[in-house]
Amino acid sequence: MSFENTPFNPIGVTSALGRTIRLRRLFGTTGKALVVALDQAVPRGVAPQLARIQDTYRSVKAGSPNAITVTRGIGASLLANDPEPLPWILKASSFSVDFHPTLDATIGSVDDAVRLGADAVAVGISAGSSAQPQMLEMLAATVERAAAVGMPTVCHAYPSGDLWGDRKGSVESVLYAARAAAELGVDVVKTWYTGSTESFAQVVAGTPALVMVAGGAKADTDLEVLEMAEKVMQAGAAGLTFGRNVWGAEDPAKMITALRAIVHEGVSASVAAKHLS
């Protein structure tokens, strides 16, 4: 049989179709995305904005990010009654800076993501941790199950382990964390920024997956946030996943609009800053 002049879809009715459709919801046709992380109450404590999660979600949604990252309980409370919910990523593991900073515990599953209508599932690893073997096993199992049901996987791959010593946060450690996640077959890697366009370009080049950057600690000024975003995108990243520097901004919707201009339009930080006024 010849397929010449015959429409042929190599994906067919397989789980690859579900994965492809979900990734398109997150990254659109540009392959770039701005995601807002609303999953930080367990890792870092219940900030006032996270305590008022319904109000914060409305402010975030007004800026039209590509997606949000939330746990299953918060996802249920925010999205069940929203007639036009944002695309979302289920956070299925968590660490805690106060209680278990280098161990991501399982708090959700791929099947939760499917059942609850998520567009991807995210788990974290603390690379260089004494518990790294267990987290790699968790990540591998997540990737395997997600592949079976057509769910994209995101790994929050941070070189936060206790065994790095003074190398923690180095370009070497960030590349190692990101590459470890890619080696296990994830679709998207979220990792730490290395401080410059040139150094982060090394991470992107060495990671065969879509690479996104975590927002990190709250910046002193909004312009610092935009300047970091500009450098990250110049390095070839697939986008940003920002938390405190978005929902902690004076006007989250305006901050998202400014960041979207950098991510999707390629404008400079100084041009994007005009959206903040």
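Residues numbered from 1 in each chain as written. Predicted model: local features only at pLDDT ≥ 70, side-chain atom pairs only at ≥ 80, totals over all residues. Heavy atoms only, no water.

1. Looking at unusual backbone geometry
Item 1. A positive phi angle, close to 60°, is found at Ser 64, a residue other than glycine.
Item 2. Among the secondary structure elements, Ser 64 is positioned in the loop between helix H4 (53-62) and strand E2 (67-70). (Helix = DSSP H or I, 4+ residues; strand = E, 2+ residues; numbered from the N terminus.)

2. Notes on the pairing of strand E8 (residues 188-191)
Item 1. Going residue by residue along E8, you find Val 188 and Lys 190 tucked away on one face and Val 189 and Thr 191 tucked away on the opposite face as well.
Item 2. Pairing of strand E7 (residues 153-158) with E8, which is carried by 3 bridges, proceeds in the parallel orientation. Across the sheet, the residue bridging to His 156 is Lys 190, located in E8.
Item 3. Each parallel crossover has a hand, and the one from E7 via helix H8 (residues 171-183) to E8 is right-handed.
Item 4. Sheet topology places E8 next to strand E9 (residues 210-214); 4 bridges connect them, and they run parallel. Across the sheet, residue Lys 190 finds its bridge partner in E9, namely Met 212.
Item 5. Taking the sense of rotation as the criterion, the β-α-β connection linking E8, helix H9 (residues 197-205) and E9 turns out right-handed. (Buried < 20%, exposed > 50% of the residue type's maximum accessible area, 1.4 Å probe, protein only. Pairing = 2+ DSSP bridges. Right-handed = clockwise from strand over helix to strand, strands pointing away.)

3. Quick look at the environment of Gly 150
Item 1. Mapped onto the elements of the fold, Gly 150 is located in the loop between helix H7 (132-149) and E7.
Item 2. The spatial distance from the C-alpha of Gly 150 to the C-alpha of Arg 19 is 4.3 Å, given a sequence separation of 131 residues.
Item 3. The contacts of Gly 150, once residues within four sequence positions are left out, are Ser 15, Gly 18, Arg 19 and Arg 22. (Contact = heavy atoms within 4.5 Å.)

4. Description of the packing of H4 against helix H5 (residues 72-79)
Item 1. One way to put it is that H4 packs onto H5 with a least axis distance of 10 Å and a crossing angle of 70°. On the basis of the axis angle, H4 is roughly perpendicular to H5. Here Ile 53, Gln 54 and Tyr 57 of H4 lie close against H5, whose contacting residues are Ile 74, Ser 77, Leu 78 and Leu 79.
Item 2. Across the contact of H4 with H5, the residue classes break down as 5 nonpolar, 2 polar and no charged. (Axes fitted to C-alpha atoms, helices over the stretch in contact; angles between N-to-C directions. Parallel < 35°, antiparallel > 145°, perpendicular 65-115°, else oblique. Nonpolar A, V, L, I, M, F, W, Y, C, P; charged D, E, K, R; others polar.)

5. A look at the nonpolar core
Item 1. Of all hydrophobic cores here, the largest spans 68 residues; its most connected members are Leu 38, Ile 68, Phe 200, Val 232, Leu 240 and Leu 259.
Item 2. For this core, the element with the highest residue contribution is helix H12 (residues 252-265), accounting for 7 residues.
Item 3. If sequence neighbours within four positions are ignored, Phe 200 has contacts with Thr 191, Trp 192, Tyr 193, Thr 194, Val 211, Val 213, Val 232, Ala 235 and Ala 237.
Item 4. Judged by nonpolar contacts, the second largest core, of 13 residues, contains Phe 27, Ala 67, Ile 89 and Ala 120. (Core = buried A, V, L, I, M, F, W, Y, C linked by side-chain atoms within 4.5 Å.)

6. Observations concerning the sheet that holds E7
The strands making up a sheet associate through hydrogen bonds between their backbones, and the pairing can be parallel or antiparallel.
Item 1. Taken together, the 8 strands give a closed barrel; going around it, the order is E1-E2-E3-E6-E7-E8-E9-E10, and neighbouring strands pair in parallel fashion. The sheet shows a mean angle of 25° between the axes of neighbouring strands, taken without regard to direction.
Item 2. Here 4 bridges tie strand E1 (residues 33-37) to strand E10 (residues 239-242), and the two strands are oriented parallel to one another. When the bridges of E10 are listed, Val 35 appears paired with Thr 241.

7. Looking at the packing of H8 against H9
Item 1. Where H8 meets H9, the closest approach of the two axes is 9 Å, and the angle between their N-to-C directions is 25°. The pairing of H8 with H9 is recorded here as roughly parallel in orientation. Relative to H9, the crossing made by H8 is right-handed. For the pair formed by H8 and H9, the contact residues are Val 171, Val 174, Leu 175 and Ala 178 on the first element and Ser 199, Gln 202 and Val 203 on the second.
Item 2. Looking at side-chain class alone, the contact of H8 with H9 contains 5 nonpolar, 2 polar and no charged residues. (Left-handed = near helix turned anticlockwise from the far one by under 90°.)

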